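Below, each chain spelled out in residue letters.
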Amino acid sequence: RAIAHCTTRLRQSIRTPPHRTMSAMSATTAFAAAPVAGARALGARKSVASGKPYAAKKPVALARRSVAARAATSTPELDINTKIFEKELVDVAGEGEYIVRGGRHLFEKLPEALKGINTIGVIGWGSQAPAQGQNFRDSLREAGMDTKVCVGLRPSSQSNEEARACGFTEEDGTLGETFDIIAKSDLVMLLISDAAQAKMYPRILAAMKPGATLGLSHGFLLGVMQSDGETFREDINVVLVAPKGMGPSVRRLYEQGKEVGGSGINASFAVHQDATGNATDIALGWSIAVGSPFTFATTLEMEYRSDIFGERGILLGGVHGIVESLYRRYVKQGMSEEDAFKNTVECITGPITKTISTKGIKAVYEMVDDKKEFMKAYSASYMPCKDILYECYEEVQSTNEIKSVVMACERFDTFPMGKVGTSAMWKVGEKVRAERVEEEIPLNSFTAGVYCACMMAQIDTLREKGHSFSEVCNESVIEAVDSLNPYMHARGVAFMVDNCSYTARLGSRKWAPRFDYNLEQQAYVAVDQGTEADPELEQKFLNNPAHIAVANCCALRPSVDISVKFGVGSARDVTDEKFKMGDKATAA
């Protein structure tokens, strides 16, 4: 997944957009009128999202069971068996799901939730580790706890200096060698790179003490172990807390939340293995401590499928392929290079992103000047995008994509990863951003149709593969428009592709050309040959229950915007004299 300094400056003014006033309402009130048309029978999804733990011998907290549900709301597939926090049944487009709300007022429950957790080891210092480590430490202090948060790194790592700058030191025992920290920790938050996890997991698992909890923020390791035919030790808990945004966003909104209620990044959580009987509350305590406004249930396997797939789709690879194909098309049609960039990248990361964030996907269609042009582009692009997305999902599901990442990382010494942002298109982008007038960015109807087609194809693919609406909306819509796209708007799509995790970078490089070629060779050819919009696809778009689900999930998200500065892909703020956007690029 695909930035914050330990003393990041808070935004000077934080606006609450009108569309987000719903977040002040109770979920029960806000969702009571949600239609249920289009909600599928749960039985078709249970065969995919079985919820059964991989090789777990103990009962898991995320068990499927029958519960009473409100009329017109389906029974939740995943329960949250918490003894400490309050779970809440919400209606997401006719499907019942349990969530747990966060908030600083719940810090007083952390001592009970984390009972027996005396040392928390944060392993690594990439995107998530600095944010989660600092947030956890600050929350424990506010709760009056003496539980230590310690960072584990290689002695030769340059990140040691960055950790020290954020208050983790050898002198007080909060900074140490990786395996020394693992061995003494009751909760091991494994936040190293996917490639490092794949290489080191046997030694990491062996170093953990019995009864400890292995905490993951990504299900990638499960996919690796499934591929290897391995299982987790039976005497440890295995849980997941996965914030739906980059680590720097997790830190910034947590800091904003000290002064503005509701700040934070939503998270999914899973209990894959419960050896001690309290793994659920450990995971929920972790999620609340790092600042999640609400936490929804998933499984470790469904998380890694949606996450690895998502970053190859609309979050990164898809948008990358879309803008490169459209840029060439518009230049060929006679636009200047600057105008072509404005009508592709700027259009998507600017007005399209803001519209989806504040009003939803269908609102983009309602706002464009040429609705016929939008729908022609949408209709022509939907199936070519979905074709790739289905293939990509099944490659992830089979663990082929995970094997590909592991093998690619092993080749880095011979074939280092090159940069995307050096090509001519992205040099044009530097000039356009430097001269940007936000209000003058065009909302191009054709670009909007292509982008919305890819996003809806991704949503439909995930739903057809068994994913809950909460997971789909947070992973494929909210993470795009409220976390990743604002950073792309500040620094460019290519910058993001060149500075995110190895797994995401490799995925974008592999799948972006596929979107590019399918769109150019199929979608745009169909449009140029005069193919009219498919009425059935048009009606499915306009009446898709995902629009209701997105609105409902957005009502549960933070009521403030992410403050964006510099240093995408790292834990630091990086000064850049060429940056002309001021201190932030918001999603609303």
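Residues numbered from 1 in each chain as written. Predicted model: local features only at pLDDT ≥ 70, side-chain atom pairs only at ≥ 80, totals over all residues. Heavy atoms only, no water.

## Describing the overall build of the chain
The following threshold applies: Helical segments are the DSSP runs of H or I of at least four residues, strand segments are the runs of E of at least two, and each set is numbered from the N terminus. Areas reported as accessible are Shrake-Rupley estimates using a 1.4 Å probe. Residue values count occlusion only from the protein chains shown.
The secondary structure content of the chain amounts to 23 helices and ten strands. For the chain, the accessible area works out to roughly 21400 Å², and carbon and sulfur atoms hold 51% of it.

## Topic: the packing of aromatic side chains
To keep things clear, this is the line we draw: A pair of Phe, Tyr and Trp rings is counted when the ring centres sit within 6.5 Å of each other, with Trp represented by its six-membered ring. The angle between the planes then sorts it: under 30 degrees is stacked, over 60 is edge-to-face, the rest tilted. For the exposure calls, accessible area comes from a 1.4 Å probe over protein chains only, and a residue counts as buried if that area is under 20% of its type's maximum, exposed if over 50%, partly exposed in between.
In this structure the tally under the stated criterion is twelve aromatic pairs. Between Phe 341 and Trp 426, the ring centres sit 5.8 Å apart and the planes meet at 90°, which makes this aromatic pair edge-to-face. In this pair, Phe 341 sits in helix H13 (residues 337–359) while Trp 426 sits in helix H17 (residues 424–434), placing the two residues 85 residues apart along the sequence. We note that Phe 341, like Trp 426, is buried. Geometrically, the ring pair formed by Phe 374 and Phe 541 is tilted, given 5.9 Å between the ring centres and 40° between the ring planes. With a gap of 167 residues between them, Phe 374 in helix H15 (residues 371–397) and Phe 541 in helix H22 (residues 535–542) connect regions that are remote in the sequence. Both residues of the pair, Phe 374 and Phe 541, count as buried. Members of the aromatic cluster, each reached through a chain of ring pairs, are Tyr 365, Phe 374, Tyr 378, Tyr 382 and Phe 541.

## Section: helix H11 (residues 300–312)
To be explicit about the condition: Expected helix span is computed as 1.5 Å times (number of residues minus one).
Taking 1.5 Å of rise per residue, 13 residues should cover 18 Å, and H11 covers 19 Å from first to last C-alpha, within 8% of that figure. Of all the 13 residues making up H11, twelve are buried; the element is thus mostly covered by neighbouring parts of the structure. Within H11 the residues assigned to the buried category are Leu 300, Met 302, Glu 303, Tyr 304, Arg 305, Ser 306, Asp 307, Ile 308, Phe 309, Gly 310, Glu 311 and Arg 312.

## Quick word on the packing of helix H12 (residues 317–332) against helix H18 (residues 445–464)
Just so we agree on the cut-off: For helices, the fitted axis covers only the stretch in contact; all axes are lines through C-alpha atoms, and the angles between them, taken along N-to-C directions, range from 0 to 180 degrees. When describing relative orientation, an angle under 35 degrees is termed roughly parallel and one over 145 degrees roughly antiparallel, while 65 to 115 degrees is termed roughly perpendicular and anything else oblique. In a left-handed crossing the near helix is turned counterclockwise from the far helix by less than a right angle, and in a right-handed crossing that turn is clockwise. Any two residues whose heavy atoms approach within 4.5 Å are treated as being in contact. Put simply, Ala, Val, Leu, Ile, Met, Phe, Trp, Tyr, Cys and Pro go in the nonpolar bin, Asp, Glu, Lys and Arg in the charged bin, and everything else, Gly too, in the polar bin.
Closest axis-to-axis distance for the H12/H18 pair is 11 Å, and the angle between their directions is 155°. It follows from the interaxial angle that H12 and H18 lie roughly antiparallel. When the axes of H12 and H18 are compared, the crossing they make is right-handed. Residues Gly 318, Val 319, Ile 322, Leu 326, Arg 329 and Tyr 330 of H12 form the contact with H18, whose participating residues are Phe 446, Thr 447, Val 450, Tyr 451 and Cys 454. Class assignment of the residues belonging to the contact of H12 with H18 gives a composition of eight nonpolar, two polar and one charged.

## Comments concerning the packing of H11 against helix H16 (residues 400–410)
In helix packing, the relevant descriptors are the interaxial angle and the interaxial distance, both defined with respect to the helix axes. Relative to each other, H11 and H16 sit at 65°, their axes nearing to 11 Å. Comparing their axes, H16 and H11 come out roughly perpendicular. Of the two elements, H11 crosses H16, and the hand of that crossing is left-handed. Contacts between H11 and H16 involve Tyr 304, Ile 308 and Arg 312 from the first element and Glu 401, Ile 402 and Val 405 from the second.

## Some remarks on the pattern of salt bridges
The line we're drawing: For this document, the term salt bridge refers to a Lys or Arg side-chain nitrogen within 4 Å of an Asp or Glu carboxyl oxygen.
The tally for this structure, following the rule as stated, stands at 31 salt bridges. In this structure, the salt-bridge partner of Lys 258 is Asp 138, at a minimum N-O distance of 3.5 Å. Placement of Lys 258 in the loop between helix H9 (247–257) and strand S9 (267–273) and of Asp 138 in helix H4 (residues 128–142) is noted, with a sequence separation of 120 residues between them. The partly exposed category is assigned to Lys 258, whose relative accessible area is 44%. Linking Asp 235 and Arg 233 is a salt bridge whose minimum nitrogen-to-oxygen distance equals 2.8 Å.

## Focus on the pairing of strand S8 (residues 237–243)
Side chains on a regular strand alternate between the two faces of the sheet. Note the following rule: If the strands point away from the viewer and the path from the first strand over the helix to the second runs clockwise, then the crossover is right-handed. Between any two strands, pairing holds if DSSP finds at least two bridges.
Buried residues dominate S8, accounting for seven of its seven residues. Neither face of S8 is left uncovered, since the one carrying Asn 237, Val 239, Val 241 and Pro 243 and the one carrying Val 238, Leu 240 and Ala 242 both have all their residues buried. Regarding the hand of the β-α-β motif, the stretch spanning strand S7 (residues 213–216), helix H8 (residues 220–228) and S8 is right-handed. Taken together, the six bridges between S8 and S9 define a ladder with antiparallel strand orientation. Note that in S9 the partner of Ala 242 across the bridge is Ser 268.

## Comments concerning unusual backbone geometry
The backbone of Ala 93 shows a phi angle near 55°, a positive value even though the residue is not glycine. Among the secondary structure elements, Ala 93 is positioned in the loop between strand S1 (87–92) and strand S2 (95–101). Overall, Ala 93 belongs to the buried group, its relative accessible area being 1%. Phi at Thr 399 is positive, roughly 75°, even though this residue is not glycine.

## Focus on the nonpolar core
Where we set the bar: Put simply, a nonpolar core is a bunch of buried Ala, Val, Leu, Ile, Met, Phe, Trp, Tyr and Cys residues held in one set by side-chain atoms that sit within 4.5 Å of each other.
Counting 126 residues, the largest nonpolar core has Leu 214, Ile 361, Phe 374 and Tyr 451 as the members making the most contacts within it. Counting residues in hydrophobic clusters, the runner-up holds 45 residues, among them Phe 85, Val 122, Tyr 254 and Trp 286.

## As for the environment of His 320
With respect to the helices and strands, His 320 occurs in helix H12. Separated by 176 residues in sequence, His 320 and Met 496 have C-alpha atoms that sit 9.8 Å apart. Among all residues touching His 320, those that are not within four sequence positions of it are Val 420, Trp 426, Val 493, Val 497, Ser 508 and Ala 512.

## Quick notes on the confidence of the model for the chain
Test applied: Confidence per residue, as judged by the predictor, is encoded in pLDDT with a range of 0 to 100.
Confidence in the prediction for the chain averages 82 pLDDT; 82% of positions are at 70 or higher. Low pLDDT, under 50, characterises residues 1–71; the stretch is placed with 191 contacts to residues that sit more than four places away or in other chains. Throughout residues 565–588 the model reports pLDDT below 50, and contacts reaching past four residues in sequence, or to other chains, amount to 75 contacts.

## As for the side chain of Lys 386
Inclusion rule: Here a polar contact is recorded for every N or O atom pair within 3.5 Å, except that within protein the pair must consist of a potential hydrogen donor and a potential acceptor, and residues adjacent in sequence are included only if both atoms are side-chain atoms.
Locating Lys 386 in the fold gives a position in helix H15. A polar contact of 2.9 Å, which involves the side chain of Lys 386, links it to the side chain of Glu 464. Discounting chain neighbours no more than four positions away, the residues touching Lys 386 are Ala 457, Asp 460, Thr 461 and Glu 464.

## Quick look at the sheet that holds S2
Across a sheet, paired strands are connected by hydrogen bonds in the backbone, their directions being either parallel or antiparallel. On the basis of which strands lie adjacent, the open sheet formed by ten strands has the order S1-S2-S10-S9-S8-S7-S6-S3-S4-S5 and mixed pairing. Single-partner strands in this sheet number two, and they are S1 and strand S5 (175–177). The sheet shows a mean angle of 30° between the axes of neighbouring strands, direction not considered. Here helix H19 (residues 469–491) sits on the sheet and contacts S1, S2 and strand S10 (294–297); the angle it forms with S10, its principal contact strand, is near 125°.

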